[in-house]
Structures are given as C-alpha cells and as structure tokens.
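Residues per chain are reported as follows:
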Amino acid sequence: SVRPFKELPGPWKNGLATLYNFWKQDGLRNLHNIMVNNFNTFGPIYREKIGYYESVNIIYPEDAAILFKAEGHYPQRLRVEPWVAYRDFRHREYGVLLKEGEDWRSNRVVLNKEVIAPKVQGNFVPLLDEVGQDFVARVFKKIERSGQNKWTIDLHHELFKYALESVGSVLYGERFGLLQDHIDPEAKRFIDAITVMFKTTTPMLYIPPGLLRRVGSRVWREHMEAWDVIFNQADRCIQNIYRQLRRARKDEPVDQEKYPGVLANLLMLDKLSIEDIKASVTELMAGGVDTTSTTLLWTLYELSRSPDLQEELRAEVLSARHSSQGDTLLMLKRVPLLKAAIKETLRLHPVAVSLQRYITEDIVMQNYQIPAGTLVQLGLYAMGRSHRIFPHPESYQPSRWLRSESHYFRSLGFGFGPRQCLGRRIAETEMQLFLIHMLENFRIERQNKVKVRSTFELILVPDKPIVLTIRPL
Ligand code: HEM
Ligand code: 2DC
C-alpha cells in the first residue's frame, strides 16, 4: 500500500539543523554534491527542509514524468527571492521569469511566438552565423599575433562576449561589436554584473525574504548594484531601438526584408505593455550570457579530452556543410551528433542543478503520497551522473543519444513543458553555430590533464580555469 508523506526519508524535521550542516559542508558551493550524497544515503526520493524551504527531491525519469504531469496550467518553480526583492524594491515590473499565474501565461504566449516558435529559427540563423564567423576571424587574428601558430587561453571571457553579442543581435537586430579589439567598457561592466548577480544570489537563497535586507547587508548591496547595472544597460539598449522605431515610422519605410529583432517585433506587435516588454527583454539579455558560454566552454573541454570524437564531429560538420550547399538552416538539420554533444554536455554539466515545480494535485512517487502544493525538485545534476539511469555516466558519449534506448524524460537541460527555458531556441542555435565554425577551422587541444569539476554559483560553473590550445586545422 501507499506510504504516507510523513514517512518519507530525509532531513526534514529540523530545518535549522539542516541549514547548519549545509553551511558546514560548504553547501553554498556544493549544492550539487550534497544532492548526490543525499540520494546515495536516502534512496531515489527524500524529503528535506533547509532553513525556510521544504521540498521533496527525486532523481528518476519516471518520477520526472509524474511531476510534470502534475504541474498544472500555471507551472511554478522555486522563486528566487532576492531577484523578486530587487524588483519590488526598485518598483520594476517582473518579466516572464518571475511572473506567476495568468499574467505569466499571457506574457509567455506572446513571447513564445517571437523567441521559441520553430519558425523564428530562420530569422536567427543569419544573425548568429555572422557572429560565429566573427568569432573565428578573431581567433585567427589571435593565433597570428601569437607568432606560434596557436592560441593558448582560458576562453571563458571570450565566450561571454560571444554569448552577449549573439543574444544582443537577436534581441535588437544590431551588433554590439564585442568581438573587436576594443570593446565598450559598459558592455564589460554588464557582463561582470551578471556574474556578480548570480554569485551574490546564493548566500541569500535560503534566507526568508523579510530578513533579506537586514541580514548580510553587504551581499544584498552588491546584489542590488549588480541588478542596477544590468537594468540600466538593458534600458539603454531598449530606449535606443524604441527611438529608432518612432523615427522610422515618421520618416517612412522600415526595411521589410531585414529581420528587425525580437524587441522591435514585440513593440510593433503591441500586445504587451512597454513595461512588460522591457522586463522580459532585460531577462533575456541577462539570461543569455553565462548560460550558453559556460555550456560551450564545457563542450570544448570535453572535445579536447576526446580527440577521436572531435574528429568524428568535424567529419559530420564538413559533410553537412558540403551537402547543404550554403543553406545554413538546412545544414543545422544534418548534424545530429553535434546536437547530441550539446545534450551530453548538459547531462554532465547542467546549468541548473535542479528543476522544480509546486505540484497542483496529490501524486504518488516511489510509493509515497505527496500532497498538492509541495515543492518537488528533480535533481538534474544527480540524474545525469546516476549509473542507474545512464550506463557509464562518467564518460562523455554523445552517441548515447543517437542509440535506440529510451530517452524518456532524460534530456531535461532546458527544463520541460510550457515553463521550459524561453531562450532555448536562441541558445541551441547559437551553440550549434559556434561549434560548427570552431570545428571547421580549428583543433582544440588540452593544456593539461587537470580534472575540472562543477561549483555552484546559482548556476553550475567550472571550479577552475579551463585552459585550451587552439590550432588552425
Ligand atoms: C528558464 C536552462 C539559456 C532565458 C530556464 C530553465 C532552465 C534553463 C533549466 C528553467 C526551466 C524550467 O523550469 O522548466 C538554460 C540552459 C541554457 C539557457 C541550459 C543554455 C545552455 C538561456 C538563454 C536565455 C534564457 C540564452 C535568454 C536568451 C531563460 C528564461 C527562463 C529560463 C527567460 C524563464 C522562463 C519562464 O519562467 O517562463 N533556462 N537556459 N536561457 N531561461 Fe534558460
Ligand atoms: C538554482 O535551489 C538553485 O536559466 C535553486 O537564464 C533552484 C533554482 C531555481 C531557478 C533556477 C536556478 C536554480 C538556476 C538558474 C535558472 C533558474 C531559473 C532560470 C535561471 C535555471 C536551479 C536561468 C539561468 C536564467 C536566468 C535569467 C536571469 C539572469 C534574468
């Protein structure tokens, strides 16, 4: 028979004791490892209370399927309170990331058509392809300047610029010029602010919102300052496009051929208020930097460790290039192994340590009763590394995604369902094009055999610099 909620194993009886243990284990940077340990100790389902938050944690794909069937019409994930508090404090509108209920849904429906519907990929490809080509040109320049026919570097900053340039070109239909030698210092400030914003979120994650401003006033101040930089920079970009549009309307014709960018389309569509558009476009701009760049860095790291796989991917890319005869959109349909490589990177190195939903109905998982309203977390990092779910989980094998075995609820790097990552289409296109251009032009080699692990800075990032050597083919 089904067992009651109160019999669930796990540290849920004393939230403060768990919070204390959490600090002792350096839980702030180790959240992903603590979850792995908890699954090892308690089994595939456990209940936990850390300070203020109570959740049920699961790891199996079958349970993920049950979870997402119970997410309801307005799926809700864990609210990142410091992000909400910033907006409340500054009287700024929430974007889709933080909206809830009907307000979330009506905004999301409009945004979906502009940023994630399959047909928009055709608009993004020429823009993102150009950014990819510029990145290659920049690498060639660096190689030439080195005088050694190679470039040895920790690419993370270059990738931040690539990612911001990419998301900027799609949102605004314009280039920032971040892949040139001299970049706008404001852009650098924006990039740094996002990293600080993520980093300063973690210490405040388990503290009740009311205490937020009083406790850890320094983190809170840094957090506020980071968001201020992010919002001011985004406001400037948005104002700029808004002005251009108004001028164009007066002076006649907008170029009908050229794709004007997500923001201009949203403004012309006139279905969302200006404040709603600003809020969500700011989130897209901020969400589009560390996420894709980190995933690309992990992918290059893995490819540098598997030269044979790198050759196999290169062969696939070269053959797709040849057979698609200059049609880049078509080319993207002919690189299944490359797409599998991105999935494989997100299996071992997910951006999000977990996916979470408040369930809207009573459910049964692993034979335990879970009441409606409970926060259920799927341990994405732990799932990707579980040998019960993925044979030889430690080995990077993109081809596992092309075999006929079941992939049911196993590839969840971007989340699931109507609340999944809004930037997914941009992220995937941008990452595929980057890897295509890199593989076509360069060989990626590792500098040393140091094993790099993940560390939790709200998103999971490498715990040490990844230094690679890039050589022309
Ligand atoms: C939400 C992952 C890139 C914007 C999410 C979620 C995940 C995720 C796991 C939560 C989904 C859920 O709860 O089901 C990733 C990964 C990325 C990436 C792995 C790249 C490798 C981006 C980019 C953007 C972006 C490039 C912006 C252009 C967003 C937004 C949401 C979101 C706005 C909130 C959507 C909503 O609540 O309706 N992302 N993301 N992400 N992401 Fe991403
Ligand atoms: C962090 O316990 C760990 O895509 C918490 O682009 C639970 C949690 C809740 C929401 C997750 C967050 C974690 C990680 C970062 C995510 C976020 C939802 C969206 C956000 C996954 C797992 C991210 C990175 C967005 C950020 C956009 C923002 C900069 C405007």
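The structure this text deals with has already been given above.
Before going into details, it helps to say that this report is about the structure given with it. (Residues numbered from 1 in each chain as written. Chains lettered and ligands numbered in written order. Predicted model: local features only at pLDDT ≥ 70, side-chain atom pairs only at ≥ 80, totals over all residues. Heavy atoms only, no water.)

Digging into the coordination of the iron atom of ligand 1
Reference values for angles at a metal are 109.5 degrees in the four-donor tetrahedral case and 90 or 180 degrees in the six-donor octahedral case. The condition is simple: Distances decide who is a donor: an N, O or S atom must be within 2.8 Å of the metal, or within 3.2 Å for Na, K and Ca. Water is not included, so sites may look incomplete. Think of it this way: any DSSP run of H or I at least four residues long counts as a helix, any run of E at least two long counts as a strand, and we number them from the N terminus.
Among protein atoms, the single one acting as a donor to the iron atom of ligand 1 is Cys 421 (SG), 2.3 Å away. Structurally, the position occupied by Cys 421 is in the loop between helix 16 (380-384) and helix 17 (424-441).

Digging into the pattern of salt bridges
Where we set the bar: A carboxyl oxygen of Asp or Glu within 4 Å of a side-chain nitrogen of Lys or Arg is what we treat as a salt bridge.
Overall, the coordinates contain 32 salt bridges when judged by the stated rule. Among the salt bridges present, the one from Arg 92 reaches Asp 235, with a minimum N-O distance of 3.4 Å. Taken together, the residues Arg 92 in the loop between helix 4 (81-89) and helix 5 (101-115) and Asp 235 in helix 9 (residues 217-251) connect sequence positions 143 residues apart. For the salt bridge of Glu 344 with Arg 400, the shortest nitrogen-to-oxygen distance reads 3.0 Å. Of this pair, Glu 344 sits in helix 15 (residues 336-348) while Arg 400 sits in the loop between helix 16 and helix 17, and the two are 56 residues apart along the sequence.

Digging into the sheet that holds strand 7 (residues 375-379)
Put simply, the test is: Here a strand pair is declared whenever DSSP counts at least two bridges between the two strands. A fitted line through C-alpha atoms represents every axis, and for helices the fit uses only the stretch in contact; the resulting angles, taken between N-to-C directions, go from 0 to 180 degrees.
Ordered by their spatial adjacency, four strands build an open sheet running 1-2-7-4, and the pairing between neighbours is mixed. A strand with exactly one partner marks an edge of an open sheet, and here the two such strands are strand 1 (45-50) and strand 4 (354-358). With strand direction ignored, the average angle separating the axes of adjacent strands in the sheet is 30°.

Quick word on the site of ligand 1
As a reminder, the rule being used: The cutoff for a nearby residue is simple: one of its non-hydrogen atoms must lie within 4 Å of the molecule or strand. N or O atoms within 3.5 Å of each other form a polar contact, as long as, within protein, one can give a hydrogen and the other can take it, and as long as residues adjacent in sequence are counted only when both atoms are side-chain atoms.
Around ligand 1 there are 28 residues in total, and Arg 77, Arg 108, Arg 357, Arg 419 and Cys 421 lie nearest to it. Side-chain polar atom of Trp 104 to an oxygen atom of ligand 1: 3.0 Å apart, as the coordinates give it. At a separation of 2.7 Å, an oxygen atom of ligand 1 approaches a polar side-chain atom of Arg 357. Among the elements that line the shell around ligand 1, the one with the most residues is helix 12 (residues 290-305), at three residues.

A few points about the packing of helix 12 against helix 15
This is how the line gets drawn: Reported orientations rely on four angle classes, namely roughly parallel under 35 degrees, roughly antiparallel over 145, roughly perpendicular from 65 to 115, and oblique for the rest. In what follows, a contact means two residues having at least one pair of non-hydrogen atoms within 4.5 Å. Ten residues, namely Ala, Val, Leu, Ile, Met, Phe, Trp, Tyr, Cys and Pro, are considered nonpolar, four, namely Asp, Glu, Lys and Arg, are considered charged, and the remaining ones, Gly among them, are considered polar.
Running from N to C, helix 12 and helix 15 cross one another at 100°; their axes reach a closest spacing of 9 Å. With respect to each other, helix 12 and helix 15 are oriented roughly perpendicular. Contacts from Thr 295, Trp 298, Thr 299 and Glu 302 of helix 12 reach helix 15 at Thr 345, Leu 346 and Leu 348. For the contact of helix 12 with helix 15, a count of residues per class yields three nonpolar, three polar and one charged.

Section: the packing of aromatic side chains
We apply this condition: Only the six-membered ring of Trp is used, alongside the rings of Phe and Tyr, when aromatic pairs are assigned; centres must lie within 6.5 Å, and planes under 30 degrees apart are stacked while those over 60 apart are edge-to-face, with the rest tilted. When a residue's accessible area, from a 1.4 Å probe over protein chains only, is under 20% of the maximum for its type it is buried; when over 50% it is exposed; and in between it is partly exposed. Note on geometry: a ring has a charge over it if NZ (lysine) or CZ (arginine) is within 6 Å of the ring centre and within 35 degrees of the ring normal.
Applying the stated criterion across every chain, the model contains 20 aromatic pairs. Plain terms: the ring middles of Trp 298 and Tyr 301 are 5.7 Å apart, the flat faces sit at 75° to each other, and that makes the pair edge-to-face. A residue pair is termed a helical-turn pair when its members lie 3 or 4 positions apart in one helix, as Trp 298 and Tyr 301 do in helix 12 at three residues. Given a relative accessible area of 5%, Tyr 301 falls into the buried group. Site record: aromatic cluster; members linked through ring pairs are Trp 83, Tyr 86, Phe 198, Trp 227 and Phe 231. Sitting above the plane of the Phe 5 ring, Arg 47 keeps its charged end 3.9 Å from the centroid.

Overview of helix 13 (residues 307-324)
Condition: In a helix, the anticipated span is given by 1.5 Å times the number of residues less one.
Across its 18 residues, helix 13 extends 26 Å between first and last C-alpha, which sits within 8% of the 26 Å expected from 1.5 Å per residue. Contacts made by the buried residues of helix 13 are with helix 12, helix 14 (328-332), helix 15, helix 17 and strand 8 (442-446). In the segment just after helix 13, Gln 325 is the residue with positive phi, at about 45°.

Quick notes on helix 8 (residues 185-201)
With 17 residues, helix 8 extends 24 Å from end C-alpha to end C-alpha; this agrees with the ideal 24 Å at 1.5 Å per step. Taken together, the buried positions of helix 8 are Ala 187, Phe 190, Ile 191, Ala 193, Ile 194, Met 197, Phe 198, Thr 200 and Thr 201. Capping the start of helix 8 is the job of one residue whose side-chain oxygen sits 3.0 Å from the backbone nitrogen of Glu 186: Asp 184.

So, the pairing of strand 3 (residues 151-154)
Covered by surrounding structure in strand 3 are Trp 151 and Ile 153 only, the residues Thr 152 and Asp 154 on the alternate face being uncovered. Where strand 3 lies against strand 11 (residues 467-472), four bridges are found, and the strand directions are antiparallel. Note that in strand 11 the partner of Trp 151 across the bridge is Ile 470.

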